[in-house]
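# Overview (structure and organization)
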Amino acid sequence: MKEDSSLQKKPKRSEMSDEERVRDFQRKLYQKAKQEKVYRFYVLYDKVSLKHFLREAYKRVKANGGASGVDGITFEEIEEGGLEKFIEELSIEIKTESYRPQPVRRVMIPKANGKMRPLGIPTIKDRVVQMSCKIVIEPIYEADFEDCSYGFRPKRSASDAMSAVKSNLIEDRTEVYDADLSSYFDTIPHDKLLKTISVRISDSKVIHLIKMWLKTPIEEEGKLKGGKKNKIGTPQGGVISPLLANIYLHLLDKVVNRADGIFKKCGIKIVRYADDFVLMGKKIPPATLDKLNELITRMGLTINEDKSRIVDARSRSFEYLGFEIRYDKDLRGRGKRYWNIIPSGKSSKRIRKAMKEYLQTRGHLPAEMIVKGLNAKIRGWLNYFTVKGVSYPAMSRRKLRWYLYERLNRYYRKKSQRKSKLYGCRAFEKLVNLYGLIDPTKYTPLALAKA
């Protein structure tokens, strides 16, 4: 006879895994924050130093991967020296308030437009402390965040944002203000950000932790920049930076969604993914944009006027989060139109470039290794751009297949010195049939596999 599930005892704390204990704490904190909208949390710092929080934080940081920071210490070196020893020492540092972050190593990452984007790489130790702090405070702000925000949030994704965009279009919110914030992460004012954080958190030690990370100097080409004199910006690459960015832009979400505000009265909705957002309405009056500019200016931020624009989506396509949104004629529907959401031209070029560069730097690797690397890129790209009920990029799949076919045949034709089994053959078909290369036209993306 089965035991009634209602009579089953909740596992003791000592029997729970680190992840279960962390999630149990987060659930309670979230419920408290949700029930009491003006409650301020006073005692949180001690949780950041708890060993099961730090162990869970280390596990998540390692899963995210990434290079070592200015100290050069890797995950392998930490584990060779003893992970428990690392956790113990870090816990003591935080408890005794002797923890100090090290400088953030800055590297420049090429962007699709040819420009360079700065990326900050904190040390693994600093990433673990940031992750532990994020684990502790995130549930509080998650209880407050609006439904229109999708970026860097638990159980939310770009797919959800695109579903919201399509829903708005179907509801005739076809006038779109495609906004661009100038260097958002680099221009967030520290004083205003900390004031926003303190609306919910009154633990001065947690605030001090965050302040130290904001003031951490940047190491670039052997020189230190910023530091205590720095008054703006959150280093891109920091574990806690996306959460801080969302906390600050939550002010924007609240103003747009305010029941008695001008945006609501005009039927305008916002869809935001981190600092990338669109306003959507049947009509976007100039007064609403004036209000938006006034708010952004008061927040110490800047809208890039050259890259921001109003689009009538029924007559002109627009791009958002790597997708192109078009109002196309349905050739089978006697002139009817439909919202066609597909990978943008830039996104398609980016995946082709990634595959080309991968093959150019792989020399004479075995076919199994070539397939493994290509599959990771193909799978990631198709999973991102296939959104159930929103986007199924059939044409883009066919184009990607054709590119792979041409590129792989060319790749193996060049192997004249050290010929392989695939030299001079139909390499694409053989890699698909013999080694499991993904055929983009036949792959079932994650979004559809779960359906």
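Only a predicted model underlies this, so the values are computations on that prediction, with no experimental measurement involved. (Residues numbered from 1 in each chain as written. Predicted model: local features only at pLDDT ≥ 70, side-chain atom pairs only at ≥ 80, totals over all residues. Heavy atoms only, no water.)

Where strand S9 (residues 318-320) lies against strand S10 (residues 323-329), 3 bridges are found, and the strand directions are antiparallel. The residue bridging phenylalanine 318 from the neighbouring strand is isoleucine 325, located in S10. Between S9 and the antiparallel strand that follows it, S10, lie 2 residues; leucine 321 among them carries a positive phi value of about 55°. (Pairing = 2+ DSSP bridges. Helix = DSSP H or I, 4+ residues; strand = E, 2+ residues; numbered from the N terminus.)

The end-to-end C-alpha separation of helix H16 (residues 394-413) is 29 Å, in line with the 28 Å expected for 20 residues at 1.5 Å each. Where H16 is concerned, the buried positions are Ser396, Arg397, Leu400, Tyr403, Leu404, Tyr405, Arg407, Leu408, Asn409, Tyr411 and Tyr412. Contacts from the buried residues of H16 go to strand S11 (337-343), helix H14 (345-360), helix H15 (367-385) and helix H17 (427-435). (Expected span 1.5 Å × (residues − 1). Buried < 20%, exposed > 50% of the residue type's maximum accessible area, 1.4 Å probe, protein only. Contact = heavy atoms within 4.5 Å.)

Before going further, it helps to spend a moment on the sheet that holds strand S6 (residues 269-273). On the basis of which strands lie adjacent, the open sheet formed by 4 strands has the order S6-S7-S3-S8 and antiparallel pairing. Where the open sheet ends on each side, the last strands, each with one partner, are S6 and strand S8 (309-312). Direction aside, the axes of adjacent strands within the sheet are offset by 20° on average. Looking at chain direction, strand S3 (residues 175-178) and S8 are connected through 4 bridges and run antiparallel. From the neighbouring strand, tyrosine 177 faces S8, where its bridge partner is isoleucine 310. Against the sheet, helix H11 (residues 241-257) engages S6 and strand S7 (276-281), with an angle of about 165° to S6. Together, S3, S7 and S8 form the strand contacts of helix H13 (residues 286-298), whose direction differs from that of S7 by roughly 155°. (Axes fitted to C-alpha atoms, helices over the stretch in contact; angles between N-to-C directions.)

Counted according to the given criterion, the structure contains 14 aromatic pairs. Geometrically, the ring pair formed by tryptophan 381 and phenylalanine 385 is tilted, given 4.9 Å between the ring centres and 50° between the ring planes. One end of the pair is tryptophan 381 and the other is phenylalanine 385, both in helix H15 and 4 residues apart, which spans about a single turn. Per residue, the accessibility class of tryptophan 381 equals that of phenylalanine 385, and both read buried. Through pairs of rings, three or more aromatic residues link up here, namely Phe323, Trp381, Tyr384 and Phe385. The residue whose ring lies beneath lysine 32 is tyrosine 39, and the NZ or CZ to ring-centre distance is 4.5 Å. (Phe/Tyr/Trp six-rings, centres within 6.5 Å; stacked < 30°, edge-to-face > 60°. Lys NZ or Arg CZ within 6 Å of the ring centre and 35° of its normal.)

Quick look at the side chain of serine 396 now. Along the chain, serine 396 falls in helix H16. Residues contacting serine 396, with those up to four places away along its chain left out, are Pro343, Ser348 and Trp381.

Judged by pairing direction, the sheet is mixed, and its 4 strands sit side by side in the order S2-S1-S4-S5 without closing on themselves. In this open sheet, the two edge strands, each paired with only one partner strand, are strand S2 (116-121) and strand S5 (223-225). Neighbour-to-neighbour, the strand axes of this sheet turn through a mean angle of 40°, independent of strand direction. Examined bridge by bridge, strand S4 (residues 218-220) and S5 share 3 bridges and lie antiparallel to one another. Bridging across to S5, glutamate 220 finds its partner in lysine 223.

Time to look at the confidence of the model for the protein. Residue-level pLDDT values for the protein average 91, and 92% of them are 70 or greater. pLDDT under 50 marks residues 1-8. Its contacts with residues more than four places away, or in other chains, come to 1 contact. (pLDDT = per-residue confidence, 0-100.)

A cluster of basic residues, Lys115, Lys307, Lys346 and Arg350, forms a positive patch at the surface. When you line up the elements, lysine 115 lands in the loop between strand S1 (104-110) and S2. (Patch = residues over 30% accessible without salt bridge, like charges linked within 9 Å, V, L, I, M, F, W, Y side chains within 5 Å. Areas by Shrake-Rupley, 256 points an atom, 1.4 Å probe, with all protein chains shown as cover. Salt bridge = Lys/Arg side-chain N within 4 Å of Asp/Glu carboxyl O. Lys, Arg positive; Asp, Glu negative; His and termini not counted. Charge placed at Lys NZ, Arg CZ, Asp CG, Glu CD.)

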